[in-house]
Amino acid sequence: MSAPTDAPTRWQRVKSWFDVRFRSPAAIYGLIVFAAFVTIADDHADSVGEVLLSAATSLVVFFIAHVFAHTLTEHADHGLRHATREGMRHGAGMLYASVPSVLVLLIAGATGVSVDDAADLSMWSTFIVLALLGYNAYRRRGAGLAGRLLGAFATACLGVFIVLLEYAIH
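All figures in this text were calculated on a predicted structure; none of them were measured in a lab.

Let's shift gears to the packing of helix α5 (residues 99–110) against helix α6 (residues 115–140). As a packed pair, α5 and α6 sit with axes 9 Å apart at the nearest point and diverge in direction by 155°. Taken together, α5 and α6 sit at an angle that is classed as roughly antiparallel. Helix-helix and strand crossings are classified by hand; for α5 and α6 the assignment is right-handed. Here P100, S101, V104, L105 and A108 of α5 come into contact with α6, specifically with A118, L121, S122, S125, T126 and V129. Taken together, the residues that form the contact of α5 with α6 break down as seven nonpolar, four polar and no charged.

Shown next, in the form of structure tokens:
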């Protein structure tokens with residue numbers, strides 16, 4: 001017989017919620033894809049609102065494709081409803097991870113910031129979120145402070161490089 005397990009604390013539930021939404025492969029992918037969409041939309045938009053609408057719409061399409069792919073591969077084993085629900089839960093990080101950049105764009109649009117400056121601020125928010133994720137990854141691996149900071153910087157730079165690579169292709 002196994003020992004009874006304690007119910008997770010409130011902090012453990014918050015960390016788990018955060019991990020699913022921001023520290024998942026889908027979330028990191030969504031963050032980078034959204035930043036790439038903002039960068040691409042920046043070239044064609046006349047307003048920050050257009051950038052936000054274009055990038056958000058594109059990200060939602062990618063989210064739907066992710067849920068579809070998950071549902072298609074899992075519904076035979078788990079049923080359509082369960083597979084769809086799990087696909088949405090698994091892919092939700094794609095949408096949640098874009099929230100900091102969306103907020104930056106909303107604030108930039110409300111304060112009259114130019115389209116180019118708003119896109120730059122959005123890229124900085126992406127850089128910061130990636131740096132925080134990198135820092136946390138190196139902290140979990142037991143790295144010292146210097147290793148965490150270097151890892152955070154390298155993680156953020158690699159993510160921005162991927163965004164710029166995507167932009168160069170399009």
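If you check helix α2 (residues 25–42), its first and last C-alpha atoms are 26 Å apart, about what 18 residues at 1.5 Å a residue would give, namely 26 Å. With 14 of its 18 residues buried, α2 lies for the most part within the structure.

Moving on, we come to the environment of F63. With respect to the helices and strands, F63 occurs in helix α3 (residues 48–78). In this structure the C-alpha to C-alpha distance between F63 and A92, which are 29 residues apart in sequence, comes to 7.7 Å. In contact with F63, not counting residues within four places along its chain, are M88, G91, A92, M94 and L95.

To continue, consider α6. A turn of α-helix holds 3.6 residues, and therefore any two residues three or four places apart point the same way. Between the first and last C-alpha of α6 there are 38 Å, a value that for 26 residues agrees with the 38 Å anticipated at 1.5 Å per step. Where α6 terminates, the next one or two residues include G142, which has phi positive at roughly 90°.

Turning our eyes to something else, we now look at the packing of aromatic side chains. The relation between two aromatic rings is expressed through the spacing of the ring centres and the mutual angle of the planes. A complete count under the given rule lists four aromatic pairs for this structure. Ring geometry for W124 and F127: centres 5.5 Å apart, planes at 75°, overall edge-to-face. Placement of both W124 and F127 in helix α6 is noted, with a separation of three residues, approximately one turn of the helix. Overall, the relative accessible area of 18% leaves F127 in the buried class. Measuring from centroid to centroid gives 6.2 Å for F127 and F153, while their planes differ by 75°, and the two rings are edge-to-face. Residue F127 is found in helix α6, and its partner F153 is found in helix α7 (residues 145–169); the two are separated by 26 residues along the sequence.

The rules we used
Residues numbered from 1 in each chain as written. Predicted model: local features only at pLDDT ≥ 70, side-chain atom pairs only at ≥ 80, totals over all residues. Heavy atoms only, no water. Axes fitted to C-alpha atoms, helices over the stretch in contact; angles between N-to-C directions. Helix = DSSP H or I, 4+ residues; strand = E, 2+ residues; numbered from the N terminus. Parallel < 35°, antiparallel > 145°, perpendicular 65-115°, else oblique. Left-handed = near helix turned anticlockwise from the far one by under 90°. Contact = heavy atoms within 4.5 Å. Nonpolar A, V, L, I, M, F, W, Y, C, P; charged D, E, K, R; others polar. Expected span 1.5 Å × (residues − 1). Buried < 20%, exposed > 50% of the residue type's maximum accessible area, 1.4 Å probe, protein only. Phe/Tyr/Trp six-rings, centres within 6.5 Å; stacked < 30°, edge-to-face > 60°.

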